[in-house]
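Chain by chain, the residues:
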Protein chains: 2
Amino acid sequence: MEEIKVFCPATIANVSCGFDVLGLALDSVGDEMIVRKTAEKGICILKILGQDLPLETEKNVSGVAGLALLQKSDYDGGFEIEIDKRIKPGSGIGSSAASSAGAVWAMNELLGKPFSPLQLVKFAMQGEKLASDVAHADNVAPAIYGGFTLVRSYDPLDIIPIPTPSELVATVIHPQIEVKTSDSRKILKTTISLEKGIKQWGNVGGLIAGLFQKDYDLIGRSLQDHIVEPIRSILIPGFDEIKSNALVSGALGCGISGSGPSIFALSKGLETAKSVAQSMKETYSKFGIPFDIHISKINTQGVKKIA
Amino acid sequence: MEEIKVFCPATIANVSCGFDVLGLALDSVGDEMIVRKTAEKGICILKILGQDLPLETEKNVSGVAGLALLQKSDYDGGFEIEIDKRIKPGSGIGSSAASSAGAVWAMNELLGKPFSPLQLVKFAMQGEKLASDVAHADNVAPAIYGGFTLVRSYDPLDIIPIPTPSELVATVIHPQIEVKTSDSRKILKTTISLEKGIKQWGNVGGLIAGLFQKDYDLIGRSLQDHIVEPIRSILIPGFDEIKSNALVSGALGCGISGSGPSIFALSKGLETAKSVAQSMKETYSKFGIPFDIHISKINTQGVKKIA
């Protein structure tokens with residue numbers, strides 16, 4: 001195989017209680033990417049449709065992630081990349097992770113799968129480091145593995161795929177305001193109360209148990225964030241109203257996607273997810289801020305070949 | 001049924017990463033208790049074998065837990081209790097929880113099971129409040145439900161039973177020194193770093209996933225406590241040596257049981273648990289402190305009728 005076209009899923013990191021450790025992949029929101037083997041060494045970003053992003057390999061997240069892969073490979077050629085960028089950068093649904101994960105997953109396929117998913121996550125984390133100064137794994141892990149993933153530990157990196165109940169559907173609203181990941185980390189305190197910590201790890205345990213048991217009520221009860229959401233939600237106009245209306249419309253839970261500004265809700269079933277989308281639209285229309293809205297099943301496959 | 005004899009299991013709270021939320025029940029370590037219906041209202045503690053504990057109802061944890069149950073019951077009689085107290089108070093393996101949970105479980109059986117397990121936990125928590133000023137659920141929940149339990153939330157109380165892999169065996173060493181629960185809470189800081197919090201909830205998620213998947217390696221990797229153990233272990237002579245030798249002997253993980261001074265290890269299989277016990281004995285013999293040692297499967301039933 002000399003060329004591959006892949007779908008690179010958008011992802012929701014943190015998932016309320018799981019700050020820096022939990023993430024999930026979306027099924028109908030993502031970029032498309034063509035990766036092609038070249039005789040010339042290195043990575044060449046040929047073109048990026050849809051967004052104004054740097055084409056220089058060292059300044060592009062897929063370039064940097066691809067270079068990390070090439071360094072560990074005995075392949076003596078290179079790759080060229082074309083990206084149809086449908087996830088807006090800065091939206092909080094893993095735009096950079098989709099490009100990083102998509103690039104290394106596609107390259108691994110073209111090389112005959114010499115690398116494990118865990119190794120691909122490590123390469124893709126280099127793209128995350130370029131994008132936000134920190135080599136996060138909570139977006140690239142679900143983008144590579146699909147479904148829900150838990151980053152149990154960074155040192156050593158330990159990614160645990162978590163089963164996804166089939167009726168779970170995500171609704172995501174992206175207000176067109178800019179919140180930089182680096183800024184939204186700066187406003188977090190470096191200490192938390194032990195009391196809130198206990199609540200948080202109780203909820204992480206509850207969410208993982210709920211996902212294994214397909215217990216939608218337990219999933220909903222566990223989708224609470226006592227630590228980050230109260231601080232970060234200040235940056236997102238109308239957050240409290242969006243959330244309370246989403247819950248009234250039947251969502252299991254609602255919170256900030258990654259570092260925001262996107263807000264996600266999880267529902268049982270497509271109909272409820274649609275009602276939640278409608279309530280989000282109605283709420284946000286009042287604020288006069290343009291927004292995109294997505295309804296998506298959970299992608300249990302991660303990056304996938306589409307041609 | 002007018003009388004019942006029950007086994008009341010010892011329990012390990014916290015289980016390394018799950019401070020205040022996780023617990024498990026032991027199978028071969030526990031008290032025995034006889035509870036009998038009486039025409040006279042109220043609770044009468046007839047006798048306590050093995051330990052010098054108060055017989056006055058309001059000063060005894062099983063009395064206080066029993067009174068909490070009676071208050072919510074339309075039963076117009078009372079109960080008398082005899083306790084064969086085999087778990088030493090202050091050992092850190094849920095001595096007060098065994099008495100509280102055993103009493104209310106037995107009473108519920110005698111009354112034809114009007115109360116749910118969750119209600120029994122709430123009654124038993126009143127005994128815990130008497131014992132340590134705080135109405136903990138992390139020992140009484142596994143004592144009532146059996147196996148591993150997660151206290152996802154206290155408000156409202158939400159107990160999640162977690163499956164127990166069948167080959168898991170606990171080794172517990174109880175050094176005969178006194179560490180009061182209230183003292184061992186006082187030395188904890190009320191704030192923690194966000195960085196350590198993230199590690200802790202990553203491990204809680206990993207432990208729950210490992211228990212569901214019967215993944216003993218993942219269980220072992222997740223049995224880490226970055227927050228409480230570094231502080232509390234200072235109160236337990238030889239803790240670091242016991243722990244490192246237990247791990248060398250094959251234990252999956254090792255930590256402080258509840259607020260100590262008991263130290264627990266979890267192993268895959270009885271033979272490994274025995275080797276761990278041997279290593280603990282050898283290590284502790286050097287310290288000249290008397291100790292008890294227990295090897296026990298995980299009790300998946302909780303308090304149970306034995307006659």
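What you see is a predicted model; the values in this text were computed from it and never measured.

Another aspect to go through is the sheet that holds strand β9 (residues 253-256) of chain A. Residue and element names in this part refer to chain A. The strand order across the open sheet built from 4 strands is β9-β10-β7-β11, with neighbouring strands paired in antiparallel fashion. Only two strands of the sheet have a single neighbouring strand rather than two, namely β9 and β11 (291-297). Between one strand axis and the next, the sheet turns through 15° on average, direction left out of account. Both strand β7 (residues 168-175) and strand β10 (residues 263-268) contribute to a ladder of 6 bridges, which runs antiparallel. Opposite V172, over in β10, you have F264 as the bridge partner. Each of β7, β9 and β10 touches helix α9 (residues 239-248); the most contacted strand, β9, lies at about 160° to it. Across the sheet, helix α10 (residues 270-285) lies against β7, β9, β10 and β11, angled at about 170° from β11, the strand it touches most.

Attention now moves to the packing of helix α1 (residues 61-71) of chain A against helix α2 (residues 95-110) of chain A. Residues and elements named next belong to chain A. Between α1 and α2, the least distance of the axes is 8 Å, while the angle of their chain directions is 35°. The element α1 and its partner α2 pack so that their crossing is right-handed. Contacts between α1 and α2 involve V61, S62, A65, G66 and L69 on the former and, on the latter, S96, S99, S100, A103, V104, M107 and N108. Classifying every residue of the contact of α1 with α2 gives 6 nonpolar, 6 polar and no charged.

Moving on, we come to the side chain of K85(A). Residues and elements named next belong to chain A. Relative to the elements of secondary structure, K85 occurs in the loop between β4 (78-84) and α2. Only 2.8 Å separates the side chain of K85 from the backbone oxygen of S95, close enough to count as a polar contact. Within the structure, the side chain of K85 is placed 2.8 Å from the side chain of S99, a separation counted as a polar contact. Setting aside residues up to four positions removed in sequence, K85 forms contacts with D31, I48, L49, G50, Q51, L53, S95 and S99.

To continue, consider the relation of the copies chain A and chain B. In the superposition of chain A on chain B (RMSD 0.0 Å, axial shift 0.0 Å), the rotation amounts to 180°. As the rotation angle and translation indicate, the two copies are arranged about a two-fold axis. Most of the interface of chain A is mirrored in chain B: 97% of its interface residues are interface residues there too.

A word on the environment of D183(B). Residue and element names in this part refer to chain B. Position of D183 relative to the elements: it lies in helix α5 (residues 181-186). Taking the relative accessible area as the measure of exposure, D183 reaches 38% and is therefore partly exposed. Taking the C-alpha atoms as reference points, D183 and S259, 76 residues apart in sequence, are found 9.1 Å from one another.

A separate point is the sheet that holds strand β11 (residues 291-297) of chain B. All names here are of chain B. The 4 strands are arranged β9-β10-β7-β11 in an open sheet whose pairing can be described as antiparallel. Looking at which strands have only one partner, the edges of the open sheet turn out to be β9 (253-256) and β11. Pairs of neighbouring strands in the sheet enclose a mean axial angle of 15°, with direction left out of account. Sheet contacts for helix α10 (residues 270-285): β7 (168-175), β9, β10 (263-268) and β11; angle to β11, the most-contacted strand, approximately 170°.

Taken as a whole, this structure holds 9 aromatic pairs over all chains when the rule is applied. Aromatic pair F212(A) and F212(B): ring centres 4.9 Å apart, planes at 15°, arrangement stacked. Placement of F212(A) in helix α6 (residues 194-213) and of F212(B) in helix α6 (residues 194-213) is noted, with the two residues assigned to different chains. For the ring pair F115(B) and F123(B), a centre distance of 5.0 Å and an interplane angle of 85° mean the geometry is edge-to-face. F123(B) carries the same exposure label as F115(B), and that label is buried. The rings of Y284(A), F287(A) and F291(A) are connected pair by pair, giving a single aromatic cluster.

Here the focus is the nonpolar core. Within the largest apolar cluster, 161 residues are counted, with the highest numbers of intra-cluster contacts made by V15(A), W201(A), V15(B) and W201(B). Setting aside residues no more than four positions away along its own chain, W201(A) makes contact with L194(A), C17(B), G18(B), F19(B), V21(B), I192(B), Q200(B), W201(B), V204(B) and I227(B).

Turning to the pairing of strand β2 (residues 22-38) of chain A, a few remarks are in order. All names here are of chain A. A large share of β2 lies buried, amounting to 14 of its 17 residues. Of the strand pairs in this sheet, strand β1 (residues 3-13) and β2 are connected by 10 bridges, and their pairing is antiparallel. Within β2, the position partnered with V6 by the bridge is M33. Both β2 and strand β5 (residues 148-154) contribute to a ladder of 3 bridges, which runs antiparallel.

Of the residues lining the interface, 36 residues belong to chain A; the matching set on chain B comes to 35 residues. A per-residue breakdown of the area chain A buries against chain B is headed by R152(A), L194(A) and W201(A), which together make up 29% of the total. In this structure, R221(A) and D158(B) form a salt bridge, with 2.6 Å as the shortest nitrogen-oxygen distance. There are 11 residue pairs in polar contact (both at pLDDT 80 or more) connecting chain A and chain B. Of all the secondary-structure elements, those providing two or more residues to the side of chain A that touches chain B are β5, β6 (157-162), β8 (191-193), α6 and α7 (216-222) of chain A. In terms of residue count, the dominant contributor to the side of chain A that touches chain B is α6(A) (13 residues). Each residue belonging to the side of chain A that touches chain B can be placed in one class, and the counts come to 19 nonpolar, 12 polar and 5 charged. Pairing geometry for β8(A) and strand β8 (residues 191-193) of chain B, over 3 bridges, is antiparallel. In the strand pairing of β8(B), S193(A) is matched with T191(B).

Residue and element names in this part refer to chain A. Domain boundaries assigned for chain A yield domain 1 (3-162 + 300-305) and domain 2 (168-297). When each unit is reduced to the centre of its C-alpha atoms, the spacing between domain 1 and domain 2 is 24 Å. Residue-level contacts link 26 residues of domain 1 with 37 residues of domain 2. Of all residues in domain 1, S16, C17 and F19 bury the most surface against domain 2, accounting for 25% of the area lost on that side. Counting the contacts that link domain 1 with domain 2 gives 1 salt bridge.

Each value, and the rule that gives it
Residues numbered from 1 in each chain as written. Chains lettered and ligands numbered in written order. Predicted model: local features only at pLDDT ≥ 70, side-chain atom pairs only at ≥ 80, totals over all residues. Heavy atoms only, no water. Pairing = 2+ DSSP bridges. Helix = DSSP H or I, 4+ residues; strand = E, 2+ residues; numbered from the N terminus. Axes fitted to C-alpha atoms, helices over the stretch in contact; angles between N-to-C directions. Contact = heavy atoms within 4.5 Å. Left-handed = near helix turned anticlockwise from the far one by under 90°. Nonpolar A, V, L, I, M, F, W, Y, C, P; charged D, E, K, R; others polar. Polar contact = N/O pair within 3.5 Å; in protein donor to acceptor, adjacent residues only side chain to side chain. Least-squares fit on C-alpha atoms with pLDDT ≥ 70 in both. Buried < 20%, exposed > 50% of the residue type's maximum accessible area, 1.4 Å probe, protein only. Phe/Tyr/Trp six-rings, centres within 6.5 Å; stacked < 30°, edge-to-face > 60°. Core = buried A, V, L, I, M, F, W, Y, C linked by side-chain atoms within 4.5 Å. Buried area = accessible area lost by both parts, 1.4 Å probe. Salt bridge = Lys/Arg side-chain N within 4 Å of Asp/Glu carboxyl O. Domains from an automatic or database assignment.

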